[in-house]
Amino acid sequence: MGCCASNQGGGSKASRVKRWRSTGIIALRDSKLKDFVVYAADVPGDISKLINMQRLLIADNLIERLPGNLGKLQSLKVLMLDGNRISCLPDELGQLIRLEQLSVARNMLIYLPDTIGSLRNLVLLNVSNNRLKSLPESLGSCASLEEIQANDNVVEELPASLCNLMQLKSLCLDDNQVKQIPDGLLKDCKSLQNLSLHNNPISMDDFQLMEGYQEFEERRKKKFDKQIDSNVMISSKGLDVGVDK
């Protein structure tokens with residue numbers, strides 16, 4: 001994999017490749033990568049041949065695009081791309097059927113591919129600090145999703161399909177343009193405990209009138225009481241309903 005990496009310690013190039021192959025983890029944080037180019041001179045073969053790789057960590061570089069053959073990494077469980085210059089994700093992302101965590105915060109995304117709905121094992125999605133105007137309807141097919149972080153975007157509306165996410169526990173949409181949330185969200189997402197909508201044009205009155213609000217409040221308070229009983233340090237922001245009055 002030609003990554004144009006600066007010297008970053010950790011031994012020679014050959015020793016790093018050997019370590020990547022043995023651990024299944026490629027870590028290139030702060031390498032100032034300008035592109036994500038595949039050629040045999042860096043990693044033998046190309047990245048698509050690292051079929052046992054489970055974690056790919058390339059946060060805080062200068063990457064602008066990802067290769068389509070990324071979708072061949074069928075063992076990949078964690079993909080961290082925070083702090084780059086990515087404006088779109090390849091459709092082949094949906095081929096990462098074992099992916100559990102996808103973090104693409106602090107990039108330049110203007111949309112998410114519809115194929116993201118194929119990620120049935122995805123538990124965490126972090127797309128905060130991008131330029132997203134919406135979330136795809138297909139997101140509702142990510143049946144294992146427990147947490148969605150989409151703060152600091154320009155999202156105006158949420159897909160009704162979010163109501164299908166039975167495992168969803170936390171939905172964070174601070175600093176967006178959301179005026180309303182899907183009618184059935186509080187009623188149908190029976191695991192939802194945290195909904196954060198600070199700095200959005202949605203009122204607390206509208207929120208409290210939604211069907212399922214009382215049940216959501218009970219889950220939220222139950223979570224709060226459990227954390228207090230366990231003497232866990234918690235932030236108040238994560239415990240309110242996240243709607244500014």
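Residues numbered from 1 in each chain as written. Predicted model: local features only at pLDDT ≥ 70, side-chain atom pairs only at ≥ 80, totals over all residues. Heavy atoms only, no water.

As annotated in an unreviewed UniProt entry, the protein carries the name Plant intracellular Ras-group-related LRR protein 7 and is attributed to Brassica cretica.

Asker: Where do I start with the overall build of the protein in this structure?
Answerer: Looking only at helices and strands, the protein features four helices and eight strands. Secondary structure elements of the protein, listed N to C terminal, follow the sequence α-β-β-β-β-β-β-β-α-β-α-α. By residue count, 49% of the 245 residues in the protein fall in the buried class. (Helix = DSSP H or I, 4+ residues; strand = E, 2+ residues; numbered from the N terminus. Buried < 20%, exposed > 50% of the residue type's maximum accessible area, 1.4 Å probe, protein only.)

Asker: So what exactly am I meant to see when it comes to the confidence of the model for the protein here?
Answerer: Note: predicted coordinates in regions of low pLDDT should not be interpreted at a detailed level. Within the protein, residue pLDDT values average 81, and 73% of them lie at 70 or more. Contacts from residues 231-240, a stretch scored under 50 in pLDDT, to residues over four places away or in other chains number 17 contacts. (pLDDT = per-residue confidence, 0-100. Contact = heavy atoms within 4.5 Å.)

Asker: Help me out: how do you make sense of the nonpolar core in this one?
Answerer: The tendency in soluble globular proteins is for nonpolar side chains to be buried side by side. Residues Leu79, Ile181 and Leu195 are the most contacted members of the largest nonpolar core, which totals 55 residues. Only α2 (185-188), α3 (204-208) and α4 (213-229) provide two or more residues apiece to this core. (Core = buried A, V, L, I, M, F, W, Y, C linked by side-chain atoms within 4.5 Å.)

Asker: For this particular structure, what's the right way to read the pattern of salt bridges?
Answerer: When the charged atoms of two side chains lie near each other, side chains of opposite charge can form a pair. For the structure shown, the criterion picks out four salt bridges. Measuring nitrogen to oxygen at the nearest pair gives 2.8 Å for the salt bridge that ties Asp188 to Lys187. Residues participating in the shared-partner salt-bridge network are Glu217, Arg220 and Lys221. (Salt bridge = Lys/Arg side-chain N within 4 Å of Asp/Glu carboxyl O.)

Asker: Can you walk me through the environment of Ala59 in this structure?
Answerer: As for its position among the elements, Ala59 is in the loop between β2 (55-57) and β3 (78-80). Each C-alpha atom, one on Ala59 and one on Asp82, is 4.6 Å from the other, the two residues being 23 residues apart in sequence.

Asker: Whenever I open this one, the side chain of Asn153 confuses me. Can you help?
Answerer: With respect to the helices and strands, Asn153 occurs in the loop between β6 (147-149) and β7 (170-172). A polar side-chain atom of Asn153 sits 3.2 Å from the main-chain amide nitrogen of Asn130. Not counting the four nearest positions on each side in its chain, Asn153 is found in contact with Val127, Ser128, Asn129, Asn130, Arg131, Leu132, Asp175 and Asn176. (Polar contact = N/O pair within 3.5 Å; in protein donor to acceptor, adjacent residues only side chain to side chain.)

Asker: How should the environment of Phe216 be read in this particular structure?
Answerer: Position of Phe216 among the secondary structure elements: in helix α4. For Phe216, a relative accessible area of 0% gives the class buried.

Asker: Is there a simple way to think about a negative patch on the surface in this case?
Answerer: Taken together, Asp183, Glu211, Glu215 and Glu218 make up a surface patch of like negative charges. Among the secondary structure elements, Glu215 is positioned in helix α4. Among the residues examined, Glu215 registers a relative accessible area of 44% and is labelled partly exposed. (Patch = residues over 30% accessible without salt bridge, like charges linked within 9 Å, V, L, I, M, F, W, Y side chains within 5 Å. Areas by Shrake-Rupley, 256 points an atom, 1.4 Å probe, with all protein chains shown as cover. Lys, Arg positive; Asp, Glu negative; His and termini not counted. Charge placed at Lys NZ, Arg CZ, Asp CG, Glu CD.)

Asker: Looking at this model, I keep getting lost on unusual backbone geometry. Mind explaining?
Answerer: Of all residues except glycine, most have a negative phi; of all peptide bonds, most are trans. Even without being glycine, Arg106 reaches a positive phi, approximately 60 degrees. As for its placement among the helices and strands, Arg106 is situated in the loop between β4 (101-103) and β5 (124-126). At Asp175, a position not held by glycine, the phi torsion is positive, near 60 degrees. Note that Asp175 resides in the loop between β7 and α2.

Asker: Help me out: how do you make sense of the state of the cysteines in this one?
Answerer: Two cysteines form a disulfide when their sulfur atoms are joined by a covalent bond. Applying the stated criterion to the full structure yields zero disulfides. Cysteine Cys163 is unpaired, with the sulfur of Cys189 as its nearest cysteine sulfur at 5.6 Å. (Disulfide = S-S within 2.5 Å.)

Asker: Could you clarify how one ought to interpret the packing of aromatic side chains in this entry?
Answerer: What describes a pair of aromatic rings is the distance from one ring centre to the other and the angle between the planes of the rings. Within the structure shown, the criterion is met by two aromatic pairs. Between the aromatic rings of Phe207 and Tyr213, the centroid separation amounts to 5.5 Å while the plane-to-plane angle is 85 degrees, which identifies the pairing as edge-to-face. A single burial state applies to Phe207 and to Tyr213, both of which are buried. Between the aromatic rings of Phe207 and Phe216, the centroid separation amounts to 6.0 Å while the plane-to-plane angle is 85 degrees, which identifies the pairing as edge-to-face. Both residues of the pair, Phe207 and Phe216, count as buried. Each member of the aromatic cluster is reached from another via a ring pair, and the members are Phe207, Tyr213 and Phe216. (Phe/Tyr/Trp six-rings, centres within 6.5 Å; stacked < 30°, edge-to-face > 60°.)

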